[in-house]
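Chain by chain, the residues run as shown.
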Amino acid sequence: MALTNNYQQADTGSKMVHIGQDTSSQIISKGISAGNSKNSYRGLISISNKAFGARNYSQCDSLLIGNRSNANTFPVLNVQNSTAKIEHEASTSKIGEEQIFYFLQRGIALEDAISLIISGFCRDVFTELPLEFSAEAERLLSLKLEGSVG
Amino acid sequence: MNSNVPILKVTDLKVSINEIEILKDLNLEIFEGQIHAIMGPNGSGKSTLSKIIAGHPSYEIKGGDILFQGNSIMELEPDERSHLGIFLAFQYPIEVPGVSNEDFLRLAYNAKLKAENKDEIDPISFLMLINEKLKIVEMNPSFLSRNVNEGFSGGEKKRNEILQMALLDSQLCILDETDSGLDIDALRIISNGINKIMTKEKGIILITHYKRLLDYIKPDYIHVMQDGKIIKTGDFNLADELETKGYEWLRN
């Protein structure tokens, strides 16, 4: 998970190298960009020629907050074994004025609306974390985003 | 409450977006127990009016005033207006991935309770409350565990709006083309739901293109909007006249 705000630029990512047979891996990356920030994800999936039946699933979702933020995804797949199965999915969504207005109209305050949308966005990751850590992570996220939408 | 004070009073409202005038000196008054229907061709400003009353930030208000129960709401944020008792059922309800309908509804309900200085409701009591409300729109409880409007059919989205309307129990409800895109059964269920929610303390504005909704929910007044103004107001029979003659005959 990566979060950027104001004028921050983040360039983060993950590498997964498959060497052995029947190995499998999964990458879920969630990038949130607020303010004027740029958030880039780089992923390398490398499957060696010995890694028969290797599997990888990568998912890369970006969430933009406001009109001035930016998100990029650079996936690289290096596959040397034709029996490997590789999947990559990416999505970009945006918290826009209309979405915020919908929450406000229902009487939900701005900060609560944003934190609800964000924790919904990160749900796949949070559910994998131990309880204490995921509660902490949610709180940190809302703290970091305070006053970022206006 | 004094029933001589209208729930909603719009006076000489002038609104523009990007310097294009959308509403021109619009006037409207709604009293307790009344149902008003607003009809009119596409682009006449009906949806704009509903969004302005709810407090959408994109529009520039050039003049006029909106009074809710006698007090101006022009300076209030959309969530404050919601707490006062203004509800807008969206023409295109927004999808919120990853947020369950139940959480969303509970948050909205608790925000309202908080604004009224009442204690928040716990999730179990809330579940009992919402199950009662689900019956109004004949919805299956499995709706609650799905994400807000995500993957809902057109009819399910509109039903979800009416569910929220039932839950929040607002005094003024504006329904922006809630009947568009509904099949006959869904229209009947939604209309019945609205009739059940309506009381003599409330006011409803129905924005619609079709007379068939008005057959189910009988309005006290029908207004026809054209070029940002209400050009004709009549009773229920106006709908019949419009159905046969179209909007053209009002232009001259």
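Everything numeric here is computed off the predicted structure, so don't read it as measured data.

### Things to note about the overall build of chain B
Piece 1. Assigned secondary structure in chain B consists of 9 helices and 12 strands.
Piece 2. The C-alpha atoms of chain B give 18 Å as radius of gyration, which agrees with the globular expectation for 252 residues (18 Å, within 12%).
Piece 3. Viewed in the frame of its principal axes, chain B has a C-alpha envelope of about 60 × 40 × 40 Å.
Piece 4. For chain B, buried positions account for 43% of its 252 residues.
Piece 5. Of the contacts formed within chain B by residues at least 6 apart in sequence, a portion of 72% connects residues at least 24 apart.

### A few points about the overall build of chain A
Piece 1. A count of helices and strands for chain A gives 4 helices and 7 strands.
Piece 2. The order of helices and strands in chain A, counted from the N terminus, is β-β-β-β-β-β-β-α-α-α-α.
Piece 3. Its C-alpha atoms give chain A principal-axis dimensions of roughly 55 × 30 × 25 Å.
Piece 4. The long-range share in chain A, meaning contacts at least 24 apart out of those at least 6 apart in sequence, stands at 76%.

### Some points on the environment of serine 82 of chain A
Piece 1. Locating serine 82 of chain A in the fold gives a position in the loop between β6 (70-79) and β7 (85-95).
Piece 2. C-alpha separation for the pair serine 82 of chain A and phenylalanine 121 of chain A, spaced 39 residues apart in sequence, amounts to 34 Å.

### Concerning the interface of chain A and chain B
Interfaces are often sized by the accessible area lost when the parts come together.
Piece 1. Counting residues at the interface gives 18 residues for chain A, matched by 22 residues for chain B.
Piece 2. For the side of chain A that touches chain B, the secondary structure elements donating two or more residues are α1 (97-105) and α2 (110-121) of chain A.
Piece 3. Residue contributions to the side of chain A that touches chain B peak at 7 residues, all from α1 of chain A.
Piece 4. Across the side of chain A that touches chain B, the residue classes break down as 8 nonpolar, 5 polar and 5 charged.

### Focus: the pairing of strand β3 (residues 24-33) of chain A
All names here are of chain A.
Piece 1. For strand β1 (residues 2-4) and β3, the ladder comprises 3 bridges, and the chain directions are parallel. Along β3, the bridge assignment pairs alanine 2 with glycine 31.
Piece 2. The pairing of β3 with strand β5 (residues 55-65) spans 10 bridges and is classified as parallel. Bridge pairing links glycine 31 to serine 62 in β5.

### Concerning the packing of helix α5 (residues 154-168) of chain B against helix α6 (residues 184-197) of chain B
Residues and elements named next belong to chain B.
Piece 1. Contact pair α5 / α6: the axes reach a minimum separation of 10 Å and the direction vectors enclose 10°. Classed by the angle they form, the pair α5 and α6 counts as roughly parallel. Taken together, the residues of α6 that come into contact with α5 (itself represented by Gly155, Lys158, Arg159, Ile162, Met165 and Ala166) are Ala186, Ile190, Gly193, Ile194 and Ile197.

### Quick look at helix α4 (residues 131-144) of chain A
Piece 1. Taking 1.5 Å of rise per residue, 14 residues should cover 20 Å, and α4 of chain A covers 20 Å from first to last C-alpha, within 8% of that figure.
Piece 2. Of all 14 residues in α4 of chain A, 0 are buried; the element is thus mostly exposed.

### A closer look at the sheet that holds strand β4 (residues 60-68) of chain B
Residue and element names in this part refer to chain B.
Piece 1. Read across the open sheet, the 4 strands follow the order β2-β1-β4-β5; overall the sheet is antiparallel. Two strands close off the open sheet at either side, each with one partner strand: β2 (20-30) and β5 (71-72).
Piece 2. Relative to β5, β4 is paired through 2 bridges, and the arrangement is antiparallel. When the bridges of β5 are listed, phenylalanine 68 appears paired with asparagine 71.
Piece 3. Relative to β2, helix α1 (residues 46-54) is tilted by about 70°, and along the sheet it contacts β1 (8-17), β2 and β4.

### Regarding the nonpolar core
Piece 1. Counting residues in each nonpolar core, the largest one holds 89 residues, and the members touching the most others are Ile117 of chain A together with Phe87, Ala89, Ile174 and Leu206 of chain B.
Piece 2. Excluding residues within four positions of it along the chain, isoleucine 174 of chain B makes contact with Ser50, Ile53, Phe87, Leu88, Ala89 and Ile205 of chain B.
Piece 3. The next biggest cluster of nonpolar side chains, apart from the first, holds 5 residues, and it includes Ile45, Ile47, Ala51 and Ala54 of chain A.

### Some points on unusual backbone geometry
Piece 1. Positive phi is not limited to glycine here, since aspartate 22 of chain A has a value of about 50°.
Piece 2. Inspection of the secondary structure puts aspartate 22 of chain A in the loop between β2 (9-18) and β3.
Piece 3. By C-beta crowding, aspartate 22 of chain A is classed as exposed, having 11 other C-beta atoms within 10 Å.
Piece 4. A positive phi angle, close to 50°, is found at glutamate 138 of chain B, a residue other than glycine.

### Thoughts on the packing of α1 of chain A against α2 of chain A
Residues and elements named next belong to chain A.
Piece 1. In contact at an axis separation of 9 Å, α1 and α2 are set at 120° when each is read in the N-to-C sense. Viewed along their axes, α1 and α2 adopt a mutual orientation that is oblique. The element α1 and its partner α2 pack so that their crossing is right-handed. Packed against α1, whose contacting residues are Gln99, Ile100, Phe103 and Leu104, the element α2 presents Leu110, Ala113 and Ile117 at the interface.

### Notes on the confidence of the model for chain B
Piece 1. Taken as a whole, chain B shows an average pLDDT of 87; of its residues, 98% reach a score of 70 or greater.
Piece 2. Confidence estimates for the predicted assembly give a pTM of 0.82 and an ipTM of 0.88.

### Concerning the sheet that holds β3 of chain A
All names here are of chain A.
Piece 1. Spatial strand order, β1-β3-β5-β7: 4 strands in an open sheet with parallel pairing. Unpaired on one side and paired on the other, β1 and β7 mark the two borders of the sheet. Averaged over all pairs of adjacent strands, the angle between strand axes in this sheet comes to 10°, irrespective of strand direction.

Rules of the game
Residues numbered from 1 in each chain as written. Chains lettered and ligands numbered in written order. Predicted model: local features only at pLDDT ≥ 70, side-chain atom pairs only at ≥ 80, totals over all residues. Helix = DSSP H or I, 4+ residues; strand = E, 2+ residues; numbered from the N terminus. Rg over C-alpha atoms; globule rule 2.2 N^0.38 Å. Buried ≥ 20, exposed ≤ 12 C-beta atoms within 10 Å, placed from the backbone. Contact = placed C-beta atoms within 7 Å. Nonpolar A, V, L, I, M, F, W, Y, C, P; charged D, E, K, R; others polar. Pairing = 2+ DSSP bridges. Axes fitted to C-alpha atoms, helices over the stretch in contact; angles between N-to-C directions. Parallel < 35°, antiparallel > 145°, perpendicular 65-115°, else oblique. Expected span 1.5 Å × (residues − 1). Core = buried A, V, L, I, M, F, W, Y, C linked by C-beta atoms within 7 Å. Left-handed = near helix turned anticlockwise from the far one by under 90°. pLDDT = per-residue confidence, 0-100.

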